[in-house]
Structures are given as structure tokens and as C-alpha cells.
Amino acid sequence: MVKATTCIVHLRVNGDDYAPGVPSHYTLLETLRYVIGLTGSKQGCDKGDCGACTVILDGEPHLSCITPVLAAEGREIRTVEGLAGAGRPHPLQDAFDLNGAAQCGFCTPGILCSAVALLERNDAPTRTEIREALAGNLCRCTGYTKIYDAVESAAEVLRGQSGGGTGNGE
Amino acid sequence: MLRLPPFRYHRPRTIDEAVGLLDRWGSRALPVSGGTDLIPNMKHRLFTPDHLIALKQIPDMRGFRRDGSALVIGGAETLASVARHPEVRRRFPSLAAAAGQVAGPQLRNMGTLGGNICLDTRCTYYNQTEFWRDALGYCLKKDGDVCHVTRVGKKCVAAHSADTPPVLMTLGATIELAGPEGRRDVGLNDFFLADGIWNSRRKPGEIVTRVRIPFPSRDSRAAYTKLRQRRSIDFPLLSVAVSADFQRSGRVCQIMGVVTALGARPRLLTGWARIALGRPLSNEVIEALAERAHRQCHPLENAIVDADWRRAMVPVQVRLALEALRPSAASAS
Ligand SMILES: Cc1cc2nc3c(=O)[nH]c(=O)nc-3n(C[C@H](O)[C@H](O)[C@H](O)COP(=O)(O)OP(=O)(O)OC[C@H]3O[C@@H](n4cnc5c(N)ncnc54)[C@H](O)[C@@H]3O)c2cc1C
Ligand code: SF4
Ligand code: FES
Ligand code: FES
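Nothing here was measured: the structure is a model prediction, and the numbers come from that model.

Topic: the packing of helix H2 (residues 91-99) of chain A against helix H3 (residues 108-121) of chain A
Residue and element names in this part refer to chain A.
Step number 1: Viewed as axis vectors pointing N to C, H2 and H3 meet at an angle of 125 degrees, and their least axial separation amounts to 10 Å. Here H2 is positioned oblique relative to H3, judged by the angle of their axes. As H2 packs across H3, the resulting crossing turns out to be right-handed. On H3, the residues that touch Leu92, Gln93 and Phe96 of H2 are Thr108, Leu112, Ala115, Val116 and Leu119.
Step number 2: Class assignment of the residues belonging to the contact of H2 with H3 gives a composition of six nonpolar, two polar and no charged.

Some remarks on the domain arrangement of chain A
Residues and elements named next belong to chain A.
Step number 1: Structurally, chain A comprises domain 1 (6-80) and domain 2 (91-161).
Step number 2: On the side of domain 2, 12 residues touch domain 1, which itself brings 15 residues to the contact.
Step number 3: Take the side of domain 1 that touches domain 2: its biggest share by element is three residues, from strand E5 (residues 54-57).

A few points about the sheet that holds strand E2 (residues 11-13) of chain A
Residue and element names in this part refer to chain A.
Step number 1: The five strands are arranged E3-E2-E7-E5-E6 in an open sheet whose pairing can be described as mixed. Every other strand in the sheet has two partners, leaving strand E3 (16-18) and strand E6 (60-63) as the edge strands with one partner each. Each adjacent strand pair in this sheet contributes to an overall mean axis angle of 40 degrees, direction not counted.
Step number 2: As paired strands, E5 and strand E7 (residues 76-78) are joined by two bridges and run antiparallel to one another.

Scoring rules and cut-offs
Residues numbered from 1 in each chain as written. Chains lettered and ligands numbered in written order. Predicted model: local features only at pLDDT ≥ 70, side-chain atom pairs only at ≥ 80, totals over all residues. Axes fitted to C-alpha atoms, helices over the stretch in contact; angles between N-to-C directions. Helix = DSSP H or I, 4+ residues; strand = E, 2+ residues; numbered from the N terminus. Parallel < 35°, antiparallel > 145°, perpendicular 65-115°, else oblique. Left-handed = near helix turned anticlockwise from the far one by under 90°. Contact = placed C-beta atoms within 7 Å. Nonpolar A, V, L, I, M, F, W, Y, C, P; charged D, E, K, R; others polar. Domains from an automatic or database assignment. Pairing = 2+ DSSP bridges.

Here it is as C-alpha cells:
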């Protein structure tokens, strides 16, 4: 085995640039949590099974626990910390609160990332599309129903905000 | 927390550069694409390469293009892009279905077609942490000298567990391998070997650069079914890919079936032509094909579910796959 070495890695996280020194075998998740200090992304299984570590890389949900940090260099990284706007939670975060979609909360950051990526490419997802988009995120508490409800109601709020709502009569 | 062993990470820009790096470090280097198989395996200390040669950023390994009578897909294209590509969906729906059923959404955004073809075989006694494997006593495939599945044999029977290869076999796909000795094309039907330790003709240091799939004739159909515990995330416990060409009358003029996730290589079912050629795909023919498949498949205790149950599911899954091939009313009996 080679000896560990440290390298400078250039990361763009939630619009901010970082260039920390990191052991070159660290994962993106280890770098976010233990080097940069962004502990929102969770370390669950740490081997690709559960989705707790989901972050958005160039618009698509990825598992940061099995992404070598150097593979994330030069890409647009978004984590749960970057979802809220200035002084306001993201409408999906509000919807999670209003719908009781988080219990212990361990799966929540990963689910928010998967769901935000969905809502950004599809502002009126069907129940099936929501279930498919979240099919890589395990939750041991909620039974998922309230999570799907929250994504649906956030989609409605977002459509209203963009003024493109189809006004389906509520 | 599962830490990775130390390694150096290299990002070549061309296929030749990647092949050169792999050649330079020999057994101390491994290629990595999405890393969705290799990185968990490294966390389990199944592999401890000094050098990882990343392939996904190589422009020449990406893309979809028509080349005469075939579709050519870059080896580093992601499974998500294969599953949603319009031409794949229109001409090769069984491939889109198989790619779309691999793991979960995040893993399909990361994992690649080339990595899927080169997926390491899997076994209950192998895909475990070093601590777990040490506690039981290591096995033949890694660090030990017994097989916990067969107990007596000197052969590893870990299961080929990738979704797209059985489909690519029924579609007559070939892959291009690039290595220090140059490039070569291999038909996927000749690619896999019945050895769980290294189950293909790929030489270490060779990489899958592209996958070439001939466009089927107009009356060709293909289907894929996958058995697993949950409808997402899980590897197949058993999967079946089938393809057939039909005459205008609805009679079968070519048929092929591949079953996988049982042994080290996807199994090409034999004896099907004799049963089905020249006949429509009636219930009776489907039943005979399913029965024929059942006789050939003998799952082992290498997965988390009961082998007898998996065997009993062979004809069920084969029937489902074949029923999906029916050209509507023409062949129904
Ligand atoms: C929770 C979980 C569930 C999964 N479920 C499934 C499933 O249902 N079905 C399924 O098929 N897979 C499944 N996988 C495995 C994996 O995600 C996919 O098989 C994926 O396609 C692997 O591709 P990759 O690019 O990530 O491979 P990598 O991990 O990068 O590589 C896999 C192997 O191939 C080698 N390699 C990679 N690219 C090439 C290349 N171009 N040429 C030569 N060698 C190469 C590597 O050295 C390594 O040995 C699952 C994984 C996880 C973690
Ligand atoms: S089949 Fe036997 S040798 Fe192969 S991985 Fe499983 S226990 Fe090990
Ligand atoms: S912590 Fe990454 S998938 Fe579970
Ligand atoms: S809220 Fe506890 S795991 Fe989802």
C-alpha cells in the first residue's frame, strides 16, 4: 500500500470556493464533514446503500460517501446547507416542516437534495415520479408517505412563486 | 465509518494515456469509472490499489453515435443517460429497462455502462468488511483457501450480478477493449468465464472503451425481467433477458435467452431454438421454454435468499420475459 499523501483540492460548494489540504484518498463526504465543516450531509452506511450522504453534483444527485474527493474537483457541488435562500428556508424545507416529513431527521438532508434536483427539472412531478426520484434514499422513521406529500406541496408552492402555476383550483 | 485505504488518483485525458498509466503500474493500478462497485469494495479491503486511473472524464469514452447499422455507446456513459437516451429507448427498450433498474437513482447517475460490464462478482461471504471476513476465515476469492459456498470445491462460484450484460448478450453487442497491445473487439457472448474470481476475458489493464449494438430487424423484440427483494437499490437475485425475431406470420425465426445472478457468468440458455423455431410464441411454447430453462439453472447459496426459492422462480421469470415479447395478437394462442 502507498503512504497517504495530502493534496490541495479545489472545490466549489454552494457557490463558495474552497481549497483545503486533504488526504488524497478522502471521500467527498469526509472532506465536506471533517475538513470543510459542512456536517449537514450525513454518514449513514458509508458504502452506497442508504442515500443519507446525497449531494447534488452538476445538477444530479450523487452519493458523496463513495465519491473520491478528487472526482468532485471542478464540479458544482450543492449540499443541504446551500438549499435555503437568503434568510429563508427553501419551500421544500418549509413543506417538510408543515407535513411532518422529518422524524429523527437523519435521512432528511439526502432526501432534500434528491427532491430539490427533481423539482428543478420537473416542476409538476407525479406521485410515481416523486417515488422514483427518492428510490435511492432510505428512511427508517416516516414510512415515506409524508415525505411524498411534502414534495408535492412544495412543487405547488414553487409553481405559484414562478407565476407559472396552472391554477388547479385550490 | 468505513475508511478508504490510501491511493493516488489520476485523471488522464485520453484513452491511450489511461492505458499507459495502467500498464506502467501493472497490478498496483485499477481503472475506476463511477466507482460505485470499486469504492465500496476498497472500503471492504477487497482491493487496495496504489493507483486509481479515472476514466469518466475522458471525452472519447462518452457519447452515443450511430455507426452504420449499429449504435455505439461510450464505455463511460452513465447508466442514467443510457436509460433515458431516446434512441436506446426506441430501438433497445430492454437495455433502457435494464440500465434503469440498476441500483437507485444516485448510483445510476454515477455508475457507467463499462463499469457495469466489468462489475466484480458478488457473494454473501465476499461483500463484507475486512473485520467480518477475518472473523469467519477468508475465502478463495480473497485472502483464503476455502469456498464457504461449495465447501469442497477449489472454484469460486460468486455470482455475476450486473443488469445490462445479459441484455447486451441477447442484442448481439460487442465491446471494444483497449490495452497495452492495442485495441480488440470481443462479442459479449464470448466475454464471460465461469470463474468467480475473474469472470471475463478482459486482461487486467484493459479497459472497455465502447459498446456496439447492432440495430435489430424490424420484427425483433427483446425483454428483461429482474427479481430482487425491493424494487430499488438491490442487485438482482435472478434476472432473465430474452430476444426473438418474428416472421410476419408471428412465427419465431430466432430466439435467445440469458439467465444471470446465479453463477459466475450469465448463462446462455440452450435448446430453445429446437423448441420455438417456426412456431408462434404460444402459451405451450412459452411453457416448454420455461421448463427447459428450469432444468439448466441450479442456483447456489451465494446470495442472501434461499437457493431453492431462486430455482423455483426461474420458470416464473422466464415466462414473464417471454410474455413481454408477444407481438400482440398475432402469436397468442
Ligand atoms: C447499493 C448498491 C446497489 C447496486 N445495485 C446494482 C444493481 O441492481 N445492478 C447492477 O448491475 N449493479 C448494481 N450496483 C453496482 C454498480 O453500481 C453498477 O454495476 C455500476 O454500473 C458499476 O459501474 P461503475 O462505473 O460505478 O463501476 P466502477 O466501480 O468504477 O468499476 C467496477 C469495476 O470495473 C472496473 N472498470 C470500471 N470501468 C471500466 C472500464 N471502462 N473498463 C474496464 N474496467 C472498468 C473497475 O476497475 C472495477 O473493477 C449496485 C451498487 C451499490 C453500491
Ligand atoms: S463463492 Fe466461495 S470462494 Fe467465491 S466469494 Fe463466495 S465463498 Fe468466496
Ligand atoms: S452514507 Fe452514502 S449511501 Fe449511505
Ligand atoms: S426521519 Fe428518521 S430516517 Fe428518515
